[in-house]
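Given next are the chains, with one letter for each unit.
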Amino acid sequence: MTPEDQHDVEKFLEGIAFFLRLTPEQIREHMKVHKEDAFSTIRHFTGQGSALCTRQGRDHLGLIVQRRVYALLNGKNIDCEEVLHEMSEHIGRSLREGGQNGESEEDVFERVLASALKTVEDQQRASIYHFPCVLAGAKSPEEFAIGPVRFTLASLFETQLASLGSTELEFDEGIRDANFIDYIRQFGWIVSVKVPSCSRRIAEGRAELAARTGINIVRVWFGLGHGTRMRLVHTEPATSTFSKFLVQSDKQISLSWSRTAEGASVVDGWFSQVNVEHHKLVSWLLRDIVFDERSEIVERLIDALSWFGDAAFEPSPGAKIAKLVMLLERLTTTTKRFSKRRFCRRIAILASDSDADFSAKYWGAYDFYNARSAIAHGSSSQSSSKHWSALRQAQPLVTNSIFGAMEVYSLIRFRRPGTPRSLQAFFEQQEKRWSTFSNPLDAELVARDKQRGF
């Protein structure tokens, strides 16, 4: 054991010994002040019932578990809480029996920890999570995949689910319940995510993140206007699809109602129009999520796509703009100090289709950032109708920036010869390349801001 481990073992044992010195009445008085200790227990030394431990003592046991799990090659697949639970179930009795057999406390801890790790690893299974989601009103395609994430119409999923009943799979009773079938039907789609072998809580987290990111990718393909109601049902909020209200006027009171269709209003066969290269890139991105191979650029893309999804839910144009600018900042800001010139240069680098397009994208980023600043600093209302025009103009800029960042992800991930190894290195390389174009634009930006009083 390391000195750090030994320290945590001592603190854990102190947490157990603390309650052994108290009478039942003293324990009750202690719990009135330190309520958190009431939920901090381990299995009793006899193997029956529970033994009290201070919260601080149990936290030190958790620190040992975390260090050992994180040091393992497959540690990212192991849930520390599961290992801690296993240790809590066996450490008390093992310490008692080990002491009777002359075994040192350190040896007992090592033995119980190794056993707990093995138990948790043996329980790991590869899994497929099926989440109800809202996607599109179109019925074609009925099914499509983006890497490990598959989207299926609820009606088709019902058929597939029924066919699984003829295999050796055991079905929970609730799966065949009419309420469950009605539940998935009302949302229209199922998103299924294949997750490699890992602890259950970790698998669920990865599956949810991959599913949400997959939906956000489809949002980008459709455009912001189509993404208002698209969502992973159990994790993201949405307004009611059906509402009723009363209107009182001219001595009359009447009932009014409205209904909103679930899913994006797009034509059948829309998936065939998706750019093949974009599809390949996002398939790799989702694969990296379910395998938890989340580099800096992967984290940035997840966040950027999440901001895009958040913007789709916002009812006011100003709030949409604010979140889309945060998306762009997440893709371009690699230093602690922000610079508007650097922001505009880097957006132009990501979003430009050609040399001739660079200047237009630079000033597009400038205008969009200024629109956000006016909203954020209070000089313009977030609900002002003029912001809708700014949103429409900025849509291509935002989507091009996202897929430009996807291409950077590809360069970094596959480490082709001569390519940068980080987003910062990519931008440094590209800023040198574009300096002939960008230097005059930077000077003009400073002049424009000065004229505007900045």
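Going by the structure above, here's the rest.
Below you will find a few notes about this structure. (Residues numbered from 1 in each chain as written. Predicted model: local features only at pLDDT ≥ 70, side-chain atom pairs only at ≥ 80, totals over all residues. Heavy atoms only, no water.)

What the protein contains, in helices and strands, is 16 helices and nine strands. The dimensions of the protein, computed from C-alpha atoms along their principal axes, are 80 × 60 × 55 Å. Out of the 454 residues belonging to the protein, those deemed buried represent 45%. Of all intrachain contacts in the protein linking residues separated by at least 6 positions in sequence, the fraction that spans at least 24 positions is 70%. Computing the positive centroid from 58 side-chain charges and the negative centroid from 58, the protein places the two 7 Å apart. (Helix = DSSP H or I, 4+ residues; strand = E, 2+ residues; numbered from the N terminus. Buried < 20%, exposed > 50% of the residue type's maximum accessible area, 1.4 Å probe, protein only. Contact = heavy atoms within 4.5 Å. Lys, Arg positive; Asp, Glu negative; His and termini not counted. Charge placed at Lys NZ, Arg CZ, Asp CG, Glu CD.)

With respect to the secondary-structure elements, glutamine 273 resides in the loop between β9 (252-259) and α9 (276-290). A relative accessible area of 63% places glutamine 273 in the exposed class. Considering only alpha carbons, one finds glutamine 273 and tryptophan 221, 52 residues apart in sequence, at a separation of 9.3 Å.

Following the sequence through the fold, threonine 213 ends up in helix α8 (residues 200-222). With residues near it in sequence (within four places) discarded, threonine 213 still touches Leu285, Leu286, Ile289, Ile302 and Leu305.

Look at the link from serine 140 to proline 141: it is a cis peptide, with omega at 5°. By the secondary structure assignment, proline 141 is in the loop between β3 (125-134) and β4 (143-146). The backbone phi angle of aspartate 292 is positive, close to 55°, even though this residue is not glycine. Assignment of secondary structure puts aspartate 292 in the loop between α9 and α10 (296-313). Assessed through its relative accessible area of 25%, aspartate 292 is described here as partly exposed.

In this section: the pairing of β4. Only one face of β4 is buried, namely the one carrying Phe144 and Ile146, since none of Glu143 and Ala145 on the opposite face is buried. Looking at chain direction, β4 and strand β5 (residues 149-153) are connected through four bridges and run antiparallel. Pairing of phenylalanine 144 across the sheet is with phenylalanine 151, part of β5. Hairpin geometry of β4 and β5 is characterised by an intervening segment of two residues between the two adjacent antiparallel strands and by a positive phi of about 60° at glycine 147. (Pairing = 2+ DSSP bridges.)

Right, let's talk about the packing of aromatic side chains for a bit. One pass over the structure, following the stated rule, counts 21 aromatic pairs. Aromatic pair phenylalanine 12 and phenylalanine 109: ring centres 5.8 Å apart, planes at 90°, arrangement edge-to-face. Here phenylalanine 109 lies in helix α5 (residues 105-122) and phenylalanine 12 lies in helix α1 (residues 3-20), a separation of 97 residues in the sequence. Across the pair, exposure class does not vary: phenylalanine 12 and phenylalanine 109 are buried alike. Consider the rings of phenylalanine 18 and phenylalanine 19, whose centres lie 5.2 Å apart with planes at 85°: the pair is edge-to-face. These aromatic residues form a ring-pair network of at least three members: Phe144, Phe151, Trp189, Trp221, Phe222, Trp270 and Phe271. Taking NZ or CZ as reference, arginine 287 lies 4.2 Å from the ring centre of phenylalanine 291, over its face. For arginine 448, the ring lying beneath its charged end belongs to tryptophan 363, and the centroid distance is 3.7 Å. (Phe/Tyr/Trp six-rings, centres within 6.5 Å; stacked < 30°, edge-to-face > 60°. Lys NZ or Arg CZ within 6 Å of the ring centre and 35° of its normal.)

Once that is clear, we can look at the sheet that holds β5. Here five strands make up an open sheet; going across it, the order is β4-β5-β6-β3-β7 and the pairing antiparallel. In the strand order of this sheet, the two ends are held by β4 and β7 (231-232), each with one partner. As defined by bridge partners, β3 adjoins strand β6 (residues 189-198) across eight bridges and the pair is classed as antiparallel. Bridge pairing links histidine 130 to serine 192 in β6. Contacts from α8 reach β3, β4, β5, β6 and β7, with the element oriented near 140° to β6. (Axes fitted to C-alpha atoms, helices over the stretch in contact; angles between N-to-C directions.)

This part covers the packing of helix α3 (residues 55-71) against helix α4 (residues 80-100). Their axes nearest at 9 Å, the elements α3 and α4 cross at an angle of 125°. The orientation of α3 relative to α4 falls into the category oblique. Two packed elements cross with a definite hand, and for α3 against α4 that hand is right-handed. Between α3, through Arg58, Leu61, Gly62, Val65, Gln66, Val69 and Tyr70, and α4, the contact on the second element is made entirely by Cys80, Val83, Leu84, Met87 and Ser88. Among the residues making up the contact of α3 with α4, the classes are represented as eight nonpolar, three polar and one charged. (Parallel < 35°, antiparallel > 145°, perpendicular 65-115°, else oblique. Left-handed = near helix turned anticlockwise from the far one by under 90°. Nonpolar A, V, L, I, M, F, W, Y, C, P; charged D, E, K, R; others polar.)

Just distances and angles here, no functional claims.
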